[in-house]
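Topology and contacts: notes
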Amino acid sequence: MSNQVFSSIDEAKDFLYSKFGKDESFDVCIKDLHVRTLPVLCVYISGLVDGATLTVQLTPLFTHTYAQENQPDIEKKHEAQYFDDHFNFYGKSEPKDKDEFILGVLSGQVGFITENGYGYLMELRSYPGRQPDEPDNEKVIRGSRDGFAENIMLNTALIRRRIRSPQLRFELHKVSTLGQTDIAITYMKDIVNPKHLDWLNKRLKEIKHDGLTMADKSLEEWLFKQKFHPLPFVRYTERPDIVAAHLLEGHIAIVVDTSPSVMLMPISMFHLLQHAEEYRQAPLIGTTFRFLRYFAAFFSLTLLPIWYLLATHEQYLPEALDFIGSKEESEIPLFLQIIIAHLGLEYLRIAAIHTPTPLSTAMGLVAGIIIGQIAIDVGVFSPEVVLYTAVTAIFSFAIPTFELSTAVKYFQFFILLATVAAGPSGFFIAGWIIFSYLCALKPMTVPYMWPLVPFFPKAFARIFIRFPMADDALRPYIVGSKHRKRA
């Protein structure tokens, strides 16, 4: 049954002009048209609709055959039926009220108001944006080359293409009061943990804000009340195959319109250290890659503090490692050299982000080779500081998740300061504080260090070893899936 949203076309015009202004926004189109003999008001945002399809739909209705002046008036009770019969477009929906009508138009749908106020919305959205290219930060040697774009419709289609199951759900929500951002909560109906869904929906209802300007990152901070925690509480990915794999494990994905990243939850820290390349290679090769990443994460955290500890406390240095330590005198204390070198690398990274691509290579050569070498020659840095700082940077680049890589730098800095202040005791105390902090985190009520703390031997083995796909693996315990067996 069609809904009478307005009392007449004139009232609809007055309402729309009060909302959009009259001739104040060039992209807001409010036009008087006819659907054969029925006068209608057409409303749409020109940049969000498929103009070619709209023209194809409307052109046959404007022929003179049906626009005869002698046609009898259409009775009010038959008006909705007349529109349904002659504008039988497949993507037609009926808004319940004025607010839903306005929101549909602002979302890219085409609105129609009949002479007596019946409202309709046509699905003719065509959002501007990129095509699904391979994401730069999650490349694989062999694998699919498609990645998410800034279009929620496109992103959900990429996921649906990989999971052809009626159990796959996309719950659409609109978040924030003014931005009205579209987000889709994605999960497998018979696999997902209902408690996690309830938690997520409860947190969404608590969001009272005017807009999610930074899309998925803003949403993460609202959902998890992140405050000043440096670690990410979700996994971001731009690859649809990674999302599909997590959904089948029982995780929940959130697709946010205007963002090319999808959030995966609940996760542990070890999820942030995995990469799709491990599953595109043989199990033995994938296991080797995984071990290398874990070692890289550990050494990016501890290498510089350990080197500083051994360089300044030679009594702990074995004879086989007597080459460790700065062999050249410098007016700048060793720990200050390390801090300056680290800050230099961060400025180099920031400059690379803001430098146009054709100039970034030249900028890197100037900063990394010329400035670095001159700094050693004039005595600002010892060669060992530059070496270990560069090696640590390489280790941090091997961490597949940028958010985790950045957080590790803060933890490394904390351990270094503790080592400078209290020597070996400071090193071990700082390490214990960080480990305790990680164990205390439970975003979405899930232990962040699972399966290490609490310790699950079989799950821990699967974290470190990439077992063959044919092995009968259970779904992760932390997702609380209804059905743990995957076969």
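Up top is the structure.
Since this is a predicted model, take the numbers as computed values, not measurements. Every chain is numbered independently, its residues counted from 1 as its sequence is written. With pLDDT at 70 or above as the cut-off, local features in this predicted model cover only qualifying residues; side-chain atom pairs require 80 or more to be listed or tallied, and sums for whole chains, interfaces and linings still use all residues. To obtain the side-chain values, all non-hydrogen atoms of the structure were used and water was disregarded.

1. Some words on the overall build of the chain
Broken down by element type, the chain carries 14 helices and 10 strands. For the chain, with 487 residues in total, the buried portion stands at 46%. Sequence-distant contacts in the chain: of pairs separated by 6 or more residues, those separated by 24 or more amount to 65%. Where accessible areas are quoted, they stem from the Shrake-Rupley method and a 1.4 Å probe; at the residue level, only the protein chains shown are allowed to cover. Surface accessibility of the chain: about 25700 Å² in total, with carbon and sulfur atoms responsible for 60%. Strands here mean DSSP runs of E at least two residues long; helices mean DSSP runs of H or I at least four residues long; both are numbered from the N terminus. Buried, partly exposed and exposed residues are distinguished by accessible area as a fraction of the type maximum, computed with a 1.4 Å probe on protein chains only: under 20%, between the cut-offs, and over 50%, respectively. Throughout, a residue-residue contact means that at least one pair of heavy atoms, one from each residue, lies within 4.5 Å.

2. With respect to the packing of aromatic side chains
Classification of ring pairs rests on two measures: the distance between centres of Phe, Tyr or Trp rings, Trp counted by its six-membered ring, which must be within 6.5 Å, and the angle between planes, read as stacked under 30 degrees, edge-to-face over 60 and tilted in between. With the rule as written, the count across this model stands at 24 aromatic pairs. Here Phe83 and Tyr120 contribute two aromatic rings whose centre-to-centre distance is 4.3 Å and whose plane-to-plane angle is 20 degrees, an arrangement assigned as stacked. Residue Phe83 is located in helix α3 (residues 76–86), and its partner Tyr120 is located in strand β5 (residues 119–122); the two are separated by 37 residues in the primary sequence. Comparing Phe83 with Tyr120 shows no difference in burial state: the two are buried. A ring pair is formed by Phe411 and Tyr437, whose centres lie 6.1 Å apart and whose planes are at 65 degrees; its orientation type is edge-to-face.

3. Quick word on the layout of surface pockets
In this structure, the largest pocket occupies an estimated 1200 Å³ of space. Around the largest pocket, the lining comprises 37 residues; the ones closest to its centre are Glu249, Tyr279, Ala473, Leu474 and Arg486. Of all elements in the fold, only α8 (240–249) and α14 (457–464) reach the threshold of two or more residues within the lining of the largest pocket. Broken down by element, the residue count for the lining of the largest pocket peaks at six residues, all from α14. Throughout this entry, Asp, Glu, Lys and Arg are counted as charged residues, while Ala, Val, Leu, Ile, Met, Phe, Trp, Tyr, Cys and Pro are counted as nonpolar. The remaining residues, Gly among them, count as polar. Looking at side-chain class alone, the lining of the largest pocket contains 20 nonpolar, four polar and 13 charged residues. Definitions used throughout: a 1 Å grid over protein atoms alone; a cavity as a set of points that fits a 1.4 Å probe which cannot get out; a pocket as an open set with protein on both sides within 12 Å along at least five of seven lines; a lining residue as one with an atom within 4 Å of a point. Grid points are joined across faces, edges and corners, and a volume is the space filled by probe spheres set on the points.

4. Quick word on unusual backbone geometry
Look at the link from Trp450 to Pro451: it is a cis peptide, with omega at 5 degrees. Note on placement: Pro451 falls in the loop between α13 (402–440) and α14. Following Val453, the chain continues to Pro454 via a peptide bond in cis, the omega torsion being -5 degrees. With respect to the helices, strands and loops of the structure, Pro454 is situated in the loop between α13 and α14. One non-glycine residue, Ser176, adopts positive backbone phi at about 85 degrees. Position of Ser176 relative to the elements: it lies in the loop between β6 (168–175) and β7 (181–188). At Thr445, a position not held by glycine, the phi torsion is positive, near 65 degrees. Within the element layout of this structure, Thr445 appears in the loop between α13 and α14.

5. Things to note about the pattern of salt bridges
Within this document, salt bridges are pairs made up of a side-chain nitrogen of Lys or Arg and a carboxyl oxygen of Asp or Glu, the two lying within 4 Å of each other. By the definition in use, this model includes 16 salt bridges. As a salt-bridge pair, Arg162 and Asp146 come within 2.8 Å of each other at their nearest N and O atoms. Pair noted here: Arg162 is in helix α5 (residues 152–162) and Asp146 is in the loop between β5 and α5, with a separation of 16 residues, a long-range link. By relative accessible area, Arg162 is classed as partly exposed at 29%. Measuring nitrogen to oxygen at the nearest pair gives 2.7 Å for the salt bridge that ties Glu346 to Lys409.

6. What about the sheet that holds β7?
Strands are treated as partners if at least two bridges between them are detected by DSSP. Strand order in the open sheet made by the five strands is β6-β7-β9-β10-β8, with antiparallel pairing throughout. The strands lining the two open edges of the sheet, one partner per strand, are β6 and β8 (235–237). Each neighbouring strand pair of the sheet contributes to a mean axis angle of 25 degrees, computed without reference to strand direction. When β6 meets β7, the two strands line up antiparallel, connected through eight bridges. From the neighbouring strand, Phe170 faces β7, where its bridge partner is Thr186. Axis definition: a line fit to C-alpha positions, over the contact stretch in the case of helices; interaxial angles, taken between N-to-C directions, run 0 to 180 degrees.

7. Notes on the packing of helix α6 (residues 194–205) against helix α7 (residues 216–224)
It is the contact of α6 with α7, at a shortest axis distance of 9 Å, that shows an interaxial angle of 105 degrees. Taken as axis vectors, α6 and α7 run roughly perpendicular relative to one another. Contact residues: Trp199, Leu200, Arg203 and Leu204 in α6; Leu219, Leu223 and Phe224 in α7. Broken down by class, the residue content of the contact of α6 with α7 amounts to six nonpolar, no polar and one charged. Each angle receives one of four descriptions, namely roughly parallel if under 35 degrees, roughly antiparallel if over 145, roughly perpendicular if within 65 to 115, and oblique otherwise.

8. So, the pairing of strand β2 (residues 38–45)
Of all eight residues making up β2, seven are buried, and the element is well covered by its neighbours. Alignment of strand β1 (residues 28–35) against β2, held across eight bridges, turns out to be antiparallel. The residue of β2 that forms the bridge with Leu33 is Val40. Where β1 hands over to β2, the hairpin turn is made up of two residues, of which Arg36 adopts a positive phi near 60 degrees. The pairing of β2 with strand β4 (residues 110–114) spans four bridges and is classified as antiparallel.

9. Points about the nonpolar core
In plain words, nonpolar cores are sets of buried Ala, Val, Leu, Ile, Met, Phe, Trp, Tyr and Cys residues tied together by side-chain atoms within 4.5 Å. Core analysis: the biggest nonpolar cluster contains 50 residues, and Leu219, Leu223, Ile252, Ile254, Met265 and Tyr448 have the highest contact counts within it. Those elements giving two or more residues to this core turn out to be β7, α6, α7, β9 (252–256), β10 (262–265), α9 (283–312) and α13. When residues of this core are assigned to their parent elements, the largest contribution, 11 residues, is made by α13. Excluding residues within four positions of it along the chain, Met265 makes contact with Leu200, Leu223, Phe224, Val234, His251, Ile252, Ile254 and Met444. Within the second largest apolar cluster, 22 residues are counted, among which are Val35, Val49, Phe87 and Tyr120.

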